[in-house]
Amino acid sequence: MEHIVIIGNGISGVTAARHIRKMSDKKITIISAETDYFFSRTALMYVYMGHMKFEHTQPYENWFWEKNNIGLKQGFVSKINHEASELIFSDGEKLTYDQLIIAVGSKPNKFGWPGQDLDGVMGMYHKQDLENLEKYAPTNKECKHAVIVGGGLIGIELAEMLRSRDIPVTFLVREESFWNGVLPAGESAMINRHIKNHHIDLRLSSNLKEIIADENGKVKAVVVQETGEVIDCDVVGLTAGVSPNVDFLQDSGIELGRGVKVNRFLETNIPNIYAIGDCAEQHEAIGLRRPIEAVWYTGRMMGETVAQTICGNRTEYKPGHWFNSAKFLDIEYQTYGWVFARPKEYEEQFHWIHEDDTKCITVSFHKGTQDFLGINNFGIRMRHEVFDRWLTEKKDINFVMQHLGEANFDPELYTKYESEILSAFKKSQLQTA
Amino acid sequence: MSLASPEPKGLSTKQKIASAIGLIGLFVLVLALFNTTLPNKPVFLSLSLGLITLGTIVFANDAYLTKLAGIKNDGVWFKSISSRGLIGWLTGVGLTTFYVVLYFYAELLGLGTNGEPNTGLVALFDPLSKILSGNPASQWFVYGTLYTIAILAFGYKFLLKYRHNRYQQIRTGSVMFFQLGFAFLIPEFMARLNSDTFSLPYYDLKNIWPLNYYNFEQYRINDFLSAGNIGLALLIFGVASIFIITPILTYKYGKRWYCSWVCGCGGLAETAGDSFRQLSSKKLSAWRIERWLIHTVLVFVVVMTTAVVHSYLGDDSSKYWLTKKSFLISVASFLTLVFAGVMIFKRKELAKDAQYGAIGYFVILAVLFGIHFLSGDGKIFILKAETLRSTYGFAIGAIFSGVVGTGFYPILGNRVWCRFGCPMAAILGFQQRLFSKFRITTNGGQCISCGNCSTYCEMGIDVRSYAQKGENIVRSSCVGCGICAAVCPRGVLKLENDKLDGRINPNEILLGNDVDLMNYVNQK
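Note that this is a predicted model, so its numbers are computed, not measured.

Chemist: Report on the overall build of chain B, specifying residues and quantitative values.
Modeler: Across its full length, chain B carries 23 helices and four strands. Rg of the C-alpha trace for chain B: 25 Å, near the compact-globule value of 24 Å for 524 residues, within the 12% margin. Viewed in the frame of its principal axes, chain B has a C-alpha envelope of about 75 × 65 × 40 Å. Taking all 524 residues of chain B together, the buried fraction comes to 44%. Put simply, 71% of the contacts in chain B that link residues at least 6 apart link residues at least 24 apart.

Written out as structure tokens, the structure is:
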């Protein structure tokens, strides 16, 4: 029986395993050094916040794997020997495969800051990071102050986590406005204000210079590059993005860029070895996407795709319209299609913000054709299915604005803002006409 | 490995003071319970209820109004009360003891027996009862008052907790209104209408059979029939509630119109029980137990009620139009009609559950035949209808819905009764699953499998298992409280009433994928 080995038990690897099992009775082994069972990485924050216990982040009960005959193996793969089709574990054990899926995900970025490996300095990605945080920041007595470096999604989540235990947080953000490489100015500014409303000490245009240790090799303070200010702290969170976790593949013969290089079929340069999820890097970016997509949803789609290929139906990875979502403290964010932080030359944007400063949308459309290109919505939920259809049908912006109510996904009885948005849009069009 | 540390954030000073205020209010009740002589009952009663309410309000204000509006579940699994810690267990034991005493040893609460005046705790409530109904209090009046206070005070807390969410606000306003008006005040005022010649049974109008399993017992029917047009109207309303009002509203809105907007059991669960919703088990094994248990109770109540009504009907159709025989025939025909209808039109949606439905149906029919052919002297087989009735009242009415249903809140979650026992929920759930526009829609491919929805589902539905596959959630047990949609950090879930077509979509349709791949994935 063909043996499919999957390195990594995150959403990509587990999705691949589930779909291979649905279509075949091949032998499947999932390897992980992190946890015994699949859990939702995006939910780790809620464990620290006390919303859930760790077991609640596991989407399948523990009996699921044996019942579906999916083998789970705990271990750290240190080397792949593709000539012998075998994996070598850190303890020297070997495992042979017929087809191999690399789904090892990411690791937090560190940019060579002095002191970045001290005790009390951590990323927020692995389960071990969570355990570390619990160790160094159990309450605001042990952790009187925390500094977070890097203004992305994980950074703001870490800030929310620490604030849930009343730990004062200073948030160093390199950019002049939060996440403004992705969010248009109006949205980014609204989130800046929301962060401050949560009593988080947000420092924009601020870089980390170094992390200072105490006599025990534990973090004591950080120094800000721009001002030289020394901020005392007990914990430093490094959340300046993630990159593919592929160090163990150096010299393996598998082609690497920043991640594992794959073609549109998610195949590496070595036959029978595939890479999916955060660690896969497309030779050529697909459409307007980035070559590496460290996103839950794309990991899942790649898992579904590679499962088809492995089960004999060689399938190209063809993601549909871009979508994503996040939550910034109390404000939910969804995006469908493309809305660029700095509009492309063909792109026009309309921005609406509610007076309570917790809801806004930005819609993007083509200056020439008036085609609807995408929407960012904050504090108002929108229907994925509707925008996916409108993007496929290339609806024009006027149609979308007039039918925005059909896409509303807020709970029943909520106040609706579509007419306010529409009249603001009409006004903006009169001004630009 | 345990990540749950001791509570990282204790109570604030204000919250401690508020807790003390509430406990003093409770302490007054304890004093009364032990027959301490309280000089001025109205003052002490007002003081007690006032302090309990005040304590809850001050606590809620400090817990929620000091923060920005949003989801407020920080520390739920660290707090002893809400994570089956010591305080949780003590509360569970305390509540359970209270219910045992309430149902079986009411004299310990001071209920006057054999015409003697009340003493102790029950006597403390006499003044309020006299204002409302003109009668002295009973243990049920004490319970009803505390129950109402709990729903109102904790309802206020819930309103603050979800002040960003209008669905939750309006729904909570609704359960508070129905408890105060329909369950508490109206029945007491109705009692005022009673005289020597005119007597209405105690009737909470929103309490529908079979939750109100005693509604068609002989003494109540006699009361209804002897109370002229009003009585007759009430009786007709009771029957219409089951056969007309309930199906129509459930068709349009799902069972939530009752379970989380109107029902008193639901009202308490959603307010005072809100802190315990995360304790319901989401295991597949719990779901298996749930389905057998709740439907067994349903079969039990149907058989019991049929037997009881049968026992007091006559044989002579010239005396009264409804006879033993015609009653049994109409029950059997109604059940057959429902059973046949489902088997013919909805078999596919029921799938494997159809055989369980069939078992239930044939059990009931067999019993009906048994009643007709084998019973005499008011007996059914060897059991008297009265034995069935009292067994149901004891095992289900008292032990299951009361002692276990509420006493076990801090251990098994706040919907133990609604989930495992309530026959009304079983009927509404059956309608919701097969004949309703209600569903929880999953928003395309946006689910990140985080598990907040499943964790906070009080009915123990593994919401995530549907959401992460892009499936709509159409489950008979869903009471439509809407908390899954509220706690979802990605805006994935929405409670909706919409077309019947495509309501149940058991395919893995995750948007964002290539269309061809979706086709492959859905090939079975």
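Resuming the write-up.
Chemist: Would you mind going over the nonpolar core in detail, with residue names and values included?
Modeler: If you look at the biggest cluster of nonpolar residues, it comprises 236 residues, and the most contacted ones within it are A:Ile102 and B:Cys484. Excluding residues within four positions of it along the chain, B:Cys484 makes contact with B:Ile440, B:Cys453, B:Tyr456, B:Cys457, B:Val463 and B:Leu493.

Chemist: So, the domain arrangement of chain A: which residues are in play, and what are the values?
Modeler: All names here are of chain A. As assigned here, chain A comprises domain 1 (3-107 + 243-310), domain 2 (121-240) and domain 3 (323-432). Placing a centre on the C-alpha atoms of domain 1 and another on those of domain 2 gives a separation of 30 Å. Taken together, the contacts link nine residues of domain 1 with ten residues of domain 2. Sorting the residues of the side of domain 1 that touches domain 2 by element identifies helix H2 (44-48) and strand S8 (106-108) as the ones contributing at least two each. Per-element accounting of the side of domain 1 that touches domain 2 gives the leading share, four residues, to H2. Among the residues making up the side of domain 1 that touches domain 2, the classes are represented as five nonpolar, two polar and two charged.

Chemist: Can you explain the packing of helix H2 (residues 41-65) of chain B against helix H6 (residues 139-161) of chain B? Please cite residues and give values.
Modeler: All names here are of chain B. The geometry of H2 relative to H6 is characterised by a closest axis approach of 9 Å and an angle of 10 degrees between their N-to-C directions. The orientation of H2 relative to H6 falls into the category roughly parallel. The segment H2 lies against H6, with Leu 49, Ile 52, Thr 53, Thr 56, Ile 57, Ala 60, Asn 61, Tyr 64 and Leu 65 engaging Ile 149, Ala 153, Phe 154, Tyr 156, Lys 157, Leu 160 and Lys 161. Looking at the contact of H2 with H6, its residues break down into eleven nonpolar, three polar and two charged.

Chemist: Residues and numbers for the pairing of strand S2 (residues 27-32) of chain A, please.
Modeler: Each regular strand shows side chains that alternate between the opposite faces of the sheet. Residues and elements named next belong to chain A. In this sheet, S2 lies alongside strand S1 (residues 3-7) in parallel orientation, the contact comprising five bridges. Residue pairing in the sheet places Ile 4 in a bridge with Ile 28 of S2. The β-α-β motif built from S1, the intervening helix H1 (residues 11-23) and the parallel element S2 has right-handed crossover chirality. Pairing analysis gives five bridges linking S2 to strand S3 (residues 70-74), with the strands arranged parallel. By the bridge assignment, Ile 28 is partnered in S3 with Ile 70.

Chemist: Could you give me a rundown of unusual backbone geometry, with the residues and numbers involved?
Modeler: With the exception of glycine, most residues fall at negative phi, and the peptide bonds are largely trans. Cis geometry is found at the peptide bond from B:Trp209 to B:Pro210, where omega equals 10 degrees. Its place among the elements puts B:Pro210 in the loop between helix H7 (166-193) and helix H8 (218-226). Even without glycine at this site, A:Asp357 takes up a positive phi of about 65 degrees. With respect to the helices and strands, A:Asp357 occurs in the loop between strand S23 (347-353) and strand S24 (360-366).

Chemist: For the interface of chain B and chain A, give the residues involved together with the corresponding values.
Modeler: Each partner contributes residues to the interface: chain B has 46 residues there, and chain A has 55 residues. Broken down by secondary-structure element, the contributors of at least two residues to the side of chain B that touches chain A are H7, helix H20 (452-455), strand S4 (493-497) and helix H23 (515-522) of chain B. In the side of chain B that touches chain A, the residues fall into 20 nonpolar, 18 polar and eight charged.

Chemist: Quick one: what's the story with the sheet that holds strand S16 (residues 235-238) of chain A, residue by residue and with numbers?
Modeler: Residue and element names in this part refer to chain A. Read from one edge to the other, the open sheet built from five strands follows the order S9-S16-S10-S11-S12, with strand pairing classed as parallel. Where the open sheet ends on each side, the last strands, each with one partner, are strand S9 (121-122) and strand S12 (201-203). Bridging between strand S10 (residues 146-149) and S16 involves four bridges; their strand directions are parallel. The residue bridging Val 149 from the neighbouring strand is Leu 238, located in S16. Helix H5 (residues 153-163) rests against S10, strand S11 (169-172) and S16 of the sheet, and its axis sits at about 175 degrees to S11.

Chemist: Help me get a handle on the pairing of strand S22 (residues 331-337) of chain A, residues and values and all.
Modeler: Residues and elements named next belong to chain A. Summarising burial for S22: seven of the seven residues are buried, a large majority. Across six bridges, strand S21 (residues 323-328) lies against S22 in antiparallel orientation. For Phe 323, the partnering residue across the bridge sits in S22 and is Tyr 336. Taking the residues that link successive antiparallel strands as the turn, the S21-S22 hairpin has two residues, and the phi of Leu 329 there is positive, at about 55 degrees.

Cut-offs and rules
Residues numbered from 1 in each chain as written. Chains lettered and ligands numbered in written order. Predicted model: local features only at pLDDT ≥ 70, side-chain atom pairs only at ≥ 80, totals over all residues. Helix = DSSP H or I, 4+ residues; strand = E, 2+ residues; numbered from the N terminus. Rg over C-alpha atoms; globule rule 2.2 N^0.38 Å. Buried ≥ 20, exposed ≤ 12 C-beta atoms within 10 Å, placed from the backbone. Contact = placed C-beta atoms within 7 Å. Core = buried A, V, L, I, M, F, W, Y, C linked by C-beta atoms within 7 Å. Domains from an automatic or database assignment. Nonpolar A, V, L, I, M, F, W, Y, C, P; charged D, E, K, R; others polar. Axes fitted to C-alpha atoms, helices over the stretch in contact; angles between N-to-C directions. Parallel < 35°, antiparallel > 145°, perpendicular 65-115°, else oblique. Pairing = 2+ DSSP bridges. Right-handed = clockwise from strand over helix to strand, strands pointing away.

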